[in-house]
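Commentary on secondary and tertiary structure
Read off the chains here:
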Amino acid sequence: MEKLVMPLWRPDDLSGDQFRDALLTVAGDQLAALPAVRVLRLAVVDSAVAGAEGKRMDSFGGLPDAVLSVWLDSVTELASLQVLLDSVALKSAAYLVTESEQIV
């Protein structure tokens, strides 16, 4: 299994809550249905975290508005994910990361 971490930027015409809802629709209905996808985790800058806006470390600007973590069978499935996310996000990136877990 491989893990992708995907920063996502919202279109200017969507609020954080609207972007969250659009991502949840795509993730819940379409991404989760892809055979290679095992787990999805989504973090979004929306009204639930608006109170912490001043604590974001954005000295470089251009921070993503969401981060999608995807565990899938193979990174070769990235193209399928990208097509779906491009329908919602203004811009995205994808990083293949290594994740380790302790054996209990």
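Described below are features of the structure shown in this document.

Calculation criteria
- Residues numbered from 1 in each chain as written.
- Predicted model: local features only at pLDDT ≥ 70, side-chain atom pairs only at ≥ 80, totals over all residues.
- Heavy atoms only, no water.
- Helix = DSSP H or I, 4+ residues; strand = E, 2+ residues; numbered from the N terminus.
- Buried < 20%, exposed > 50% of the residue type's maximum accessible area, 1.4 Å probe, protein only.
- Contact = heavy atoms within 4.5 Å.
- Areas by Shrake-Rupley, 256 points an atom, 1.4 Å probe, with all protein chains shown as cover.
- Arc of directions from axis to C-beta.

Right, let's get into the overall build of the chain. Across its full length, the chain holds two helices and five strands. When the elements of the chain are put in sequence order from the N terminus, they spell out β-α-β-β-α-β-β. By residue count, 29% of the 104 residues in the chain fall in the buried class. Considering only contacts in the chain between residues 6 or more positions apart, those separated by 24 or more positions represent 80%. As presented, the chain carries roughly 6700 Å² of accessible surface, and 55% of it is formed by carbon and sulfur atoms.

Attention now goes to helix H2 (residues 78-86). By the burial criterion, the buried members of H2 are Leu-81, Gln-82, Leu-84 and Leu-85. Taken end-on, H2 shows its buried residues confined to a sector of 165°, consistent with a single buried face. Away from the buried face of H2 by more than 90 degrees, exposed residues Ala-79 and Val-83 are located. Next to the buried residues of H2 lie strand S1 (2-9), helix H1 (16-31), strand S2 (37-44), strand S3 (66-72) and strand S4 (91-92).

So, on to the environment of Thr-25. On the secondary structure map, Thr-25 appears in helix H1. Separated by 63 residues in the primary sequence, Thr-25 and Val-88 have C-alpha atoms spaced 9.8 Å apart.

Everything listed here is a matter of geometry and, on its own, says nothing about what the molecule does.
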